[in-house]
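# Fold and geometry: a report
The chain contents come next:
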Amino acid sequence: GSMAAPRSFSAAEVRERCARGACLVRCRRRLYDLSAFVRLHPGGERLLRSRAGTDVSAALDGPPHRHSANARRWLEQYYVGELQESAQPPQRCFSLSLQGSPEAEKPACAAARRLDPRCRPVDVGTDLVDWRKPLLWQVGYLGEKYDEWVHQPVDRPIRLFHSDVLEALSKTAWYVVFLVWTPVVLYLSWVSYTALAQGNTRLFSSFTTEYSIPVHKYYFPFIFLLGMFLWSLLEYLIHRFVFHMKPPASNYYLITLHFLLHGQHHKSPFDSSRLVFPPVPASLVIGFFYGLLQLLLPEVLGLSIFVGGLCGYVVYDMMHYYLHYGSPREGTYLYGLKAYHVKHHFEHQKSGFGISTRFWDRPFRTLIPEETFEKED
């Protein structure tokens, strides 16, 4: 990073920034401006609301938990300068505990110094890649450094391709997914139901006519829900075994593929244009599963399961976006799920693969341990 002396802030300057709506936190005398990030953190909205009162010394935590080394590295991106030695910390400036307890400020800062003796800001500008150029063709050269690098998140947008057209196709706003696929779900649901209503669909008819089972139109909601259930399993398996494969350090192409599929999201988890699956590449994957179900099952039955799965996918993508950018109320299911997903990004990348549900993490033994959400004594 730059060797220039850090800017010095007086208590009055900090108080003025806070009065204008900034969210400043301090670790000893180091000041960080988390105004842009605080709403994305579990508990961030609660912290902002607390500023209206007099007691604003709360740590920047939602469900109490220790902050990981990645969280400490992440914090350094928001470093703005030092609080003047003579200045008392202003009342409206937050004291930050990197270990999760307000009383643990000194040990927390000691931990930060152990991470980096000079406690300097992380220089993401020279972070093994040239951020001014498309990353997709660079990451394969990182080799054995790739796995560690991709799991050290940064708060900055990512460009993948040289081509503006390809770059545009690799990004999308969250509502595009809803607008594109919801009409498809509704139309195919109607097609499936009306086809079942004709009474011609029978299970096992390709093997035996005598013992084949008629599939009535009243079964459609249950078949639809079966499709959503199967999608949740598929979501877990894809996330765990495809998105979180560890590509061989010597294979440039597998590293590149991993970064394209999911590594980019772990490197920059708050790049809002890369949180949902763009419709063009998604249509290729969705078409594959449609064809597979048509091969395995009677046409209308396969379509009914498919449309349930497609609905499950839309819910999953909307949920994933919300877990990154939403502010669920403390104590709700979504609040716990957001904290769980943040843990997956910053500390437990080899567990916590459920997005819309933690259900499959239990039987597959990849549940993030509950104790990681508790404060230390």
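In this convention, every chain numbers its residues from 1, walking through the sequence in written order. With the structure being a predicted model, the display of local features is reserved for residues of pLDDT at least 70 and the display and counting of side-chain atom pairs for 80 or more, all residues being used for whole-chain, interface and lining totals. Neither water nor hydrogens contribute to the side-chain values; these are computed over all heavy atoms in the structure.

Per an unreviewed UniProt entry, the chain goes by Fatty acid 2-hydroxylase and derives from Penelope pileata. UniProt positions are given in the numbering used here, feature names are shortened, and annotations may be inferred rather than shown by experiment. According to UniProt, the comment filed for the chain under the heading Sequence similarities (unreviewed entry) is "Belongs to the sterol desaturase family. SCS7 subfamily."

With that out of the way, let us pick up the overall build of the chain. Strands are runs of DSSP state E lasting at least 2 residues, helices are runs of H or I lasting at least 4, and numbering of each runs from the N terminus. For the chain, the count of helices and strands is twelve helices and seven strands. Residues classed as buried in the chain amount to 49% of the 377 residues present. The contact definition used throughout considers only heavy atoms, calling two residues in contact when any of these lie within 4.5 Å. Put simply, 70% of the contacts in the chain that link residues at least 6 apart link residues at least 24 apart. In this scheme, a residue with accessible area under 20% of its type's maximum is buried, one over 50% is exposed, and one in between is partly exposed, where area comes from a 1.4 Å probe on protein chains only.

Moving on: the side chain of S192. Structurally, the position occupied by S192 is in helix α7 (residues 174-197). Among all residues touching S192, those that are not within four sequence positions of it are F220, V300, L303, S304 and V307.

Quick look at the side chain of H324 now. Following the sequence through the fold, H324 ends up in helix α11 (residues 299-325). Polar contacts here mean pairs of N or O atoms no more than 3.5 Å apart (in protein, one a potential hydrogen donor and the other a potential acceptor; neighbouring residues in sequence count only if both atoms are side-chain atoms). Of note is the side chain of H324, whose polar atom sits 3.3 Å from the side chain of H265. Within the local environment of H324, its side chain forms a polar contact with the backbone oxygen of P269, the two atoms lying 2.9 Å apart.

So, about the pattern of salt bridges. By definition here, a salt bridge exists when the distance from a side-chain nitrogen of Lys or Arg to a carboxyl oxygen of Asp or Glu is within 4 Å. What the rule picks out here adds up to six salt bridges. A salt bridge links D130 to R132; its shortest N-O distance comes to 3.0 Å. The salt bridge involving D271 is made with R274; its shortest N-O contact spans 3.7 Å. Assigned by exposure class, D271 and R274 land together as buried. Each of D130, R132 and K133 takes part in one network of salt bridges that share partners.

Take the pairing of strand β3 (residues 30-33) next. One requirement defines pairing of two strands: DSSP has to find at least two bridges between them. The sheet contact formed by strand β2 (residues 24-27) and β3 spans four bridges and is antiparallel. When the sheet's bridge partners are listed, R26 is paired in β3 with L31. Linking two consecutive strands that pair antiparallel, namely β2 and β3, is a turn of two residues; a positive phi of about 55 degrees is found at R28 within it. As judged from the three bridges shared by β3 and strand β4 (residues 79-83), these two strands associate in the antiparallel manner. Among the inter-strand pairings, L31 is bridged to a residue of β4, identified as G81.

For this analysis, a nonpolar core means a set of buried residues of the types Ala, Val, Leu, Ile, Met, Phe, Trp, Tyr and Cys, connected via side-chain atoms within 4.5 Å. Counting residues in each nonpolar core, the largest one holds 33 residues, and the members touching the most others are W181, I286, F306, L310 and Y313. Secondary structure elements with two or more residues in this core: α7, α8 (220-243), α10 (279-296) and α11. Tallying contributions element by element places α11 first for this core, with 15 residues. Counting 15 residues, the second largest nonpolar core, distinct from the first, contains V129, Y146, V150 and I158.

What follows deals with the UniProt feature "binding site: Zn(2+) 1" (unreviewed entry) in the chain. As recorded in UniProt, the sites labelled "binding site: Zn(2+) 1" (unreviewed entry) are H239, H244, H262, H265, H266, H320, H324, H341 and H344. One can find H262 in helix α9 (residues 252-267). On the basis of relative accessible area, H262 is assigned to the buried category, the value being 8%. Here H320 shows up in helix α11. H320 sits in the buried class, given a relative accessible area of 5%.

Our next topic: α9. The length a helix should cover is 1.5 Å for every residue beyond the first. Across its 16 residues, α9 extends only 18 Å between first and last C-alpha, which sits more than 12% below the 22 Å expected from 1.5 Å per residue. The sharpest bend along α9 comes to roughly 60 degrees, located at L260. Looking at the buried side of α9, the elements it contacts are α5 (146-150), α8, α11 and α12 (333-346). If you check the start of α9, you find a side-chain oxygen 3.1 Å away from the backbone N of Y253, and it comes from N251. Fitting axes to the seven residues that end at a residue and to the seven that start at it, the angle between those axes gives the bend at that residue.

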